[in-house]
Amino acid sequence: MPSEPLSQKEIEDRLRELPGWAFENDRIFRTYRLGSHFAASALVAHIASIQQELNHHAELTLGYDTVRLAVNSHDAGDVVTGSDFALAERVEALAPAHGAS
């Protein structure tokens, strides 16, 4: 069963709880800065394990010392849903342990 799309207001309200996250082109996204390429790679691996657990996958872009995460729900027509925020919240909770800012 597809997730229900969130309204623009719901998205804006939920983004207030996730500093650093933004909404653009029907996706929520954030770029994290880390201390090294190794730290960035470790964060990507950790995010990948959470995505498997949630069965919800984002676009991950690994740079030298950055990780960009952009997510929406394909099963709902490529719009933002509660599942996207669930993933974002999990990533936000683990990012500081990797030294991400």
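Look up a bit, the structure's there.
Residues numbered from 1 in each chain as written. Predicted model: local features only at pLDDT ≥ 70, side-chain atom pairs only at ≥ 80, totals over all residues. Heavy atoms only, no water.

(A) Spotlight on the overall build of the protein chain. Looking only at helices and strands, the protein chain features three helices and four strands. Counted from the first residue to the last, the protein chain has its helices and strands arranged as α-β-β-α-β-β-α. In terms of overall dimensions, the protein chain is globule-like: its C-alpha atoms have a radius of gyration of 13 Å, near the 13 Å expected for 101 residues. A burial count over the protein chain gives 38% of its 101 residues as buried. The contacts in the protein chain between residues at least 6 apart in sequence include a share of 65% that link residues at least 24 apart. (Helix = DSSP H or I, 4+ residues; strand = E, 2+ residues; numbered from the N terminus. Rg over C-alpha atoms; globule rule 2.2 N^0.38 Å. Buried < 20%, exposed > 50% of the residue type's maximum accessible area, 1.4 Å probe, protein only. Contact = heavy atoms within 4.5 Å.)

(B) Quick peek at empty space enclosed by the protein. Counting across every chain of the model gives one cavity of 30 Å³ or more. Its boundaries defined by the atoms lining it, the largest cavity holds a volume of some 30 Å³. Contributing to the lining of the largest cavity are Arg27, His57, Ala58, Glu59, Ala70, Val71, Asn72 and His74. Taken together, the residues of the lining of the largest cavity sort by class into three nonpolar, three polar and two charged. (1 Å grid on protein atoms, 1.4 Å probe; cavity = no way out; pocket = protein on both sides within 12 Å on 5 of 7 lines; lining within 4 Å. Points joined across faces, edges and corners; volume = space filled by probe spheres on them. Nonpolar A, V, L, I, M, F, W, Y, C, P; charged D, E, K, R; others polar.)

(C) Examining the sheet that holds strand E1 (residues 22-24) more closely. Taken together, four strands build an open sheet; the order of strands is E1-E2-E4-E3 and the sheet is antiparallel. Strands with a single pairing partner mark the edges of an open sheet, and in this sheet they are E1 and strand E3 (59-62). With strand direction ignored, the average angle separating the axes of adjacent strands in the sheet is 25°. Bridge count for strand E2 (residues 27-33) against strand E4 (residues 66-71) is six bridges, and the pairing is antiparallel. Counterpart to Tyr32 in the pairing with E4 is Val67. Of the strands in this sheet, E1 and E2 touch helix H1 (residues 8-15), which is tilted by about 150° from E1. Lying over the sheet, helix H3 (residues 82-94) contacts E2 and E4, oriented at roughly 10° with respect to E2. (Pairing = 2+ DSSP bridges. Axes fitted to C-alpha atoms, helices over the stretch in contact; angles between N-to-C directions.)

(D) Layout of the packing of helix H2 (residues 37-54) against H3. Look at H2 against H3: their axes get within 10 Å of each other, and the N-to-C directions meet at 145°. At the point where H2 passes H3, the crossing takes the right-handed sense. Where H2 abuts H3, its residues Leu43, His46, Ile47, Ile50, Gln51, Glu53 and Leu54 lie against Ala86, Leu87, Arg90, Val91 and Leu94. Considered class by class, the residues forming the contact of H2 with H3 number eight nonpolar, two polar and two charged. (Left-handed = near helix turned anticlockwise from the far one by under 90°.)

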